[in-house]
Amino acid sequence: MKNSRTVLLSIAALCFLMLGVAMYLQHAMHMAPCPLCVIQRYLFLAIGIACLAGAAAKRPKIGAGIGILAALGGLGVGAKHLYVLAHPGFSCGIDPVETALNKIFTAELMPFMFESYGACENAGEPFFGLSIPQWAFIWFAIFAIGLLWTLLRRQK
């Protein structure tokens, strides 16, 4: 149980670090978040909260189960974002998804984090050789694997 709790707390910390990086890129580097970026932020937040709840409640499998669902959702959204980058004519741009996202109470309460006003194909310059959506996809995969390990691991 101790190893599972450590994994959950580590994943939660990394998820909150991802959100911090997103804030830095948005506010210091002036990279406007697109609808897919904002959805990925919600999913990183969901993974982090699920992992914290699982670790705090001493029920790591429940936290890992909820977290893995969010990580798989992140992989799906990340795959769509990578598709948009690979096919520049296909954009999420200003669409009903952006309008709906900006009407959610969290976007109205914390627009600095959850308001979408960028275009999906503008993922910025490569960061250590990969685009931001590629990095997000990799981190969602790492979290999914870690959470799957926690979920399938036998208790002693």
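Residues numbered from 1 in each chain as written. Predicted model: local features only at pLDDT ≥ 70, side-chain atom pairs only at ≥ 80, totals over all residues. Heavy atoms only, no water.

Moving on, we come to a nonpolar patch on the surface. On the surface, a nonpolar cluster with roughly 320 Å² of combined accessible area is contributed by Leu9, Phe16, Ile49 and Leu52. For Phe16, a relative accessible area of 32% corresponds to the partly exposed category. (Patch = residues over 30% accessible without salt bridge, like charges linked within 9 Å, V, L, I, M, F, W, Y side chains within 5 Å. Areas by Shrake-Rupley, 256 points an atom, 1.4 Å probe, with all protein chains shown as cover. Salt bridge = Lys/Arg side-chain N within 4 Å of Asp/Glu carboxyl O. Buried < 20%, exposed > 50% of the residue type's maximum accessible area, 1.4 Å probe, protein only.)

Our focus in this paragraph is the packing of helix α3 (residues 60–86) against helix α7 (residues 132–152). Across the interface, α3 lies against α7 with an axial gap of 8 Å and an inter-helix angle of 155°. When the axis of α3 is compared with that of α7, the two are roughly antiparallel. Classified by chirality, the crossing of α7 by α3 is left-handed. A class-by-class count of the residues in the contact of α3 with α7 yields 18 nonpolar, seven polar and one charged. (Axes fitted to C-alpha atoms, helices over the stretch in contact; angles between N-to-C directions. Helix = DSSP H or I, 4+ residues; strand = E, 2+ residues; numbered from the N terminus. Parallel < 35°, antiparallel > 145°, perpendicular 65-115°, else oblique. Left-handed = near helix turned anticlockwise from the far one by under 90°. Nonpolar A, V, L, I, M, F, W, Y, C, P; charged D, E, K, R; others polar.)

This part covers the UniProt feature "transmembrane region" (unreviewed entry) in the chain. The UniProt record annotates "transmembrane region" (unreviewed entry) at residues 38–57, 64–83 and 132–152. The straight-line gap between the two end C-alpha atoms of residues 38–57 is 28 Å; of that span, 95% is helix and 0% is strand. The span residues 132–152 carries 100% helix and 0% strand; its end-to-end C-alpha distance comes to 30 Å. (UniProt positions renumbered as here; feature names shortened; annotations may be inferred.)

This part is about α7. If you check α7, its first and last C-alpha atoms are 30 Å apart, about what 21 residues at 1.5 Å a residue would give, namely 30 Å. By the burial criterion, the buried members of α7 are Pro133, Ala136, Phe140, Phe143, Ala144, Gly146, Leu147 and Thr150. (Expected span 1.5 Å × (residues − 1).)

Here the focus is the nonpolar core. The nonpolar side chains of a soluble globular protein tend to be buried, and buried together. Judged by nonpolar contacts, the single largest core of 33 residues is most densely connected at Ile11, Phe44, Ile47, Cys51, Phe140 and Leu147. Put simply, the parts of the chain that give this core at least two residues each are α1 (2–27), α2 (35–56), α3, α6 (111–114) and α7. Ranked by the residues each element gives to this core, the list is headed by α2, at eight residues. Apart from the residues lying within four places of it in its own chain, the contact partners of Cys51 are Leu8, Ile11, Ala12, Gly63 and Leu147. (Core = buried A, V, L, I, M, F, W, Y, C linked by side-chain atoms within 4.5 Å. Contact = heavy atoms within 4.5 Å.)

A separate point is the packing of aromatic side chains. One pass over the full model with this rule turns up four aromatic pairs. With a centroid separation of 6.2 Å and 85° between ring planes, the pair formed by Phe44 and Phe143 is classed as edge-to-face. Of this pair, Phe44 sits in helix α2 while Phe143 is found in helix α7, placing the two residues 99 residues apart along the sequence. An angle of 40° between the planes, with centres 5.6 Å apart, marks the rings of Trp139 and Phe143 as tilted. Placement of both Trp139 and Phe143 in helix α7 is noted, with a separation of four residues, approximately one turn of the helix. Ring pairing ties together the aromatic residues Phe44, Trp139, Phe140 and Phe143, which thus form one cluster. (Phe/Tyr/Trp six-rings, centres within 6.5 Å; stacked < 30°, edge-to-face > 60°.)

Now for unusual backbone geometry. A positive phi is found at His30, a non-glycine position, where the angle reads about 60°. Among the secondary structure elements, His30 is positioned in the loop between α1 and α2. Look at His30 and you get exposed, because its relative accessible area is 67%.

Locating Ser116 in the fold gives a position in the loop between α6 and α7. On the basis of relative accessible area, Ser116 is assigned to the buried category, the value being 1%. Excluding anything up to four places from it in sequence, Ser116 contacts Pro33, Cys34, Pro35, Val38, Glu98 and Asn102.

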